[in-house]
Amino acid sequence: MRLELQEGQAPPVPGDAEGLERLVLNLLDNAIKYNHPDGQVILRLAQEDDRHVLLEVSDTGTGIPPESLPRIFERFYRVDKGRSRDEGGTGLGLAIVKHVVQAHGGQVEVESRMGKGTTFRVKLPV
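The paragraphs below set out a description of the structure included in this document. Everything numeric here is computed off the predicted structure, so don't read it as measured data.

Looking only at helices and strands, the protein chain has three helices and five strands in total. The C-alpha radius of gyration computed for the protein chain amounts to 14 Å, which stays within 12% of the reference 14 Å derived for 126 residues, consistent with globular compactness. For the protein chain, the spread of C-alpha atoms along the three principal axes comes to 45 × 30 × 25 Å. When burial is assessed residue by residue, the protein chain has 38% of its 126 residues classed as buried. A sequence separation of at least 24 residues applies to 62% of the contacts in the protein chain between residues at least 6 apart. Carbon and sulfur atoms make up 50% of the accessible area of the protein chain, which amounts to about 7600 Å² in all. Taking the average place of the 16 positive charges on the side chains of the protein chain and the average place of its 19 negative ones, the gap between the two points comes to 6 Å.

Right under this line is the structure:
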């Protein structure tokens, strides 16, 4: 698997450093876990405008079914219910992402296509 960092100019994001780290780690963990062995994960960080930083995590993985997209940020919701907890986690990672983003006054959105991959976009104030 290939991991690529695309880092533009971006000011520091004020807030809870541990929470922000957890946010990034959860998004990267999912991008790797639900990807193909020869897939790609891209982490982008850039200043979006005068007041916001944009963090994107994109993968070339399995994608999220359209019917699951409205629920993926719910606690304990798991898209692939057939996976064991050891393989697929507890369903808390994206709920944590949403909570951290909201606690920092930001926004999170997701775009996904089955068999093509997923992109999470996190917009945080600076």
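Once you've had a look at it, read on.
A sheet is described by the order of its strands in space; here five strands give the open sequence β1-β2-β3-β5-β4, paired in mixed fashion. Unpaired on one side and paired on the other, β1 (2-7) and β4 (107-113) mark the two borders of the sheet. On average, each strand axis in the sheet is tilted by 15° relative to the strand beside it, whichever way the strands run. Across six bridges, β1 lies against strand β2 (residues 40-49) in parallel orientation.

Right, let's talk about the packing of helix α1 (residues 17-33) against helix α3 (residues 93-103) for a bit. Interaxial distance between α1 and α3 falls to 9 Å at its minimum, and their mutual angle equals 145°. Handedness of the crossing formed by α1 with α3: left-handed. In this structure, α1 contributes G19, L20, R22, L23, N26, L27 and N30 to the contact, and α3 contributes G93, L94, I96, V97, V100 and V101. Tallied by class, residues from the contact of α1 with α3 come to eight nonpolar, four polar and one charged.

So, on to the pattern of salt bridges. This model, assessed by the stated rule, comprises eight salt bridges. Two residues, E56 and R44, come together in a salt bridge whose shortest N-O distance is 3.0 Å. Of this pair, E56 sits in strand β3 (residues 52-59) while R44 sits in strand β2, and the two are twelve residues apart along the sequence. The exposure class assigned to E56 is buried, which follows from its relative accessible area of 12%. A salt bridge links R71 to E74; the nearest nitrogen and oxygen atoms lie 3.0 Å apart. What makes R71 partly exposed here is its relative accessible area of 38%. In this structure E74 comes out as partly exposed when scored by relative accessible area, which is 33%. Members of the salt-bridge network, linked through shared partners, are R44, E56, E109, E111 and R121.

Rules used in this analysis
- Residues numbered from 1 in each chain as written.
- Predicted model: local features only at pLDDT ≥ 70, side-chain atom pairs only at ≥ 80, totals over all residues.
- Heavy atoms only, no water.
- Helix = DSSP H or I, 4+ residues; strand = E, 2+ residues; numbered from the N terminus.
- Rg over C-alpha atoms; globule rule 2.2 N^0.38 Å.
- Buried < 20%, exposed > 50% of the residue type's maximum accessible area, 1.4 Å probe, protein only.
- Contact = heavy atoms within 4.5 Å.
- Areas by Shrake-Rupley, 256 points an atom, 1.4 Å probe, with all protein chains shown as cover.
- Lys, Arg positive; Asp, Glu negative; His and termini not counted.
- Charge placed at Lys NZ, Arg CZ, Asp CG, Glu CD.
- Pairing = 2+ DSSP bridges.
- Axes fitted to C-alpha atoms, helices over the stretch in contact; angles between N-to-C directions.
- Left-handed = near helix turned anticlockwise from the far one by under 90°.
- Nonpolar A, V, L, I, M, F, W, Y, C, P; charged D, E, K, R; others polar.
- Salt bridge = Lys/Arg side-chain N within 4 Å of Asp/Glu carboxyl O.

Function cannot be read off these values alone, since they describe shape.
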